[in-house]
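Observations on chain architecture
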Amino acid sequence: QVQLVESGGGLVQAGESLRLSCAVSGRVVSVGIMGWYRQAPGKQRELVATITSGGSPNYADSVKDRSTISRDNAKNTVYLQMNGLKPDDTAVYYCNADIVRTALEYRRGYWGQGTQVTVSS
């Protein structure tokens, strides 16, 4: 069984930093694009950042000057470093990864359970 295991959320003050981690648990054939999305109360889930298996990043405009996404392909893990956090960054952050689980299956997207990030003013 494949799971995405997230960690690193918490309560921080405005201006502080957080590093989120997400690891693929279970045996897989390959992991493609990995990324982070977030959902604030009463709002739709939105893209934060993604990164290809080759290391090319893509950021939402709202975070691109304050965030760095990276990955360790050997560990099937993606990281999101967020600096200068603002109260508007408060949300549940979800990890997403495109995974081929076995040689008999197509690539499909998997989601983590979410980790809460709360930024106080």
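Now for a description of the structure that goes with this document. (Residues numbered from 1 in each chain as written. Predicted model: local features only at pLDDT ≥ 70, side-chain atom pairs only at ≥ 80, totals over all residues. Heavy atoms only, no water.)

1. Let's talk about the pairing of strand S5 (residues 46–51)
Bridging between strand S4 (residues 30–39) and S5 involves five bridges; their strand directions are antiparallel. Residue pairing for S5: Gly35 is matched across the bridge by Thr50. In this antiparallel pair of consecutive strands, S4 and S5, the connection spans six residues, and Gly42 shows a positive phi of 80°. The pairing of S5 with strand S6 (residues 57–59) spans three bridges and is antiparallel. Directly across from Ile51, in S6, lies its bridge partner Pro57. Hairpin connection of S5 to S6: five residues between the antiparallel strands, including Gly55 at a positive phi of 95°. (Pairing = 2+ DSSP bridges. Helix = DSSP H or I, 4+ residues; strand = E, 2+ residues; numbered from the N terminus.)

2. Some remarks on the side chain of Asn96
Relative to the helices and strands, Asn96 is located in strand S9 (residues 91–100). A polar atom in the side chain of Asn96 sits 3.2 Å from the backbone oxygen of Tyr110. Discounting chain neighbours no more than four positions away, the residues touching Asn96 are Leu4, Ile33, Met34, Gly35, Tyr37, Tyr110 and Trp111. (Polar contact = N/O pair within 3.5 Å; in protein donor to acceptor, adjacent residues only side chain to side chain. Contact = heavy atoms within 4.5 Å.)

3. Let's talk about unusual backbone geometry
We note that Asn76 has phi near 50°; this positive angle belongs to a residue other than glycine. You can see Asn76 is positioned in the loop between strand S7 (67–72) and strand S8 (77–82).

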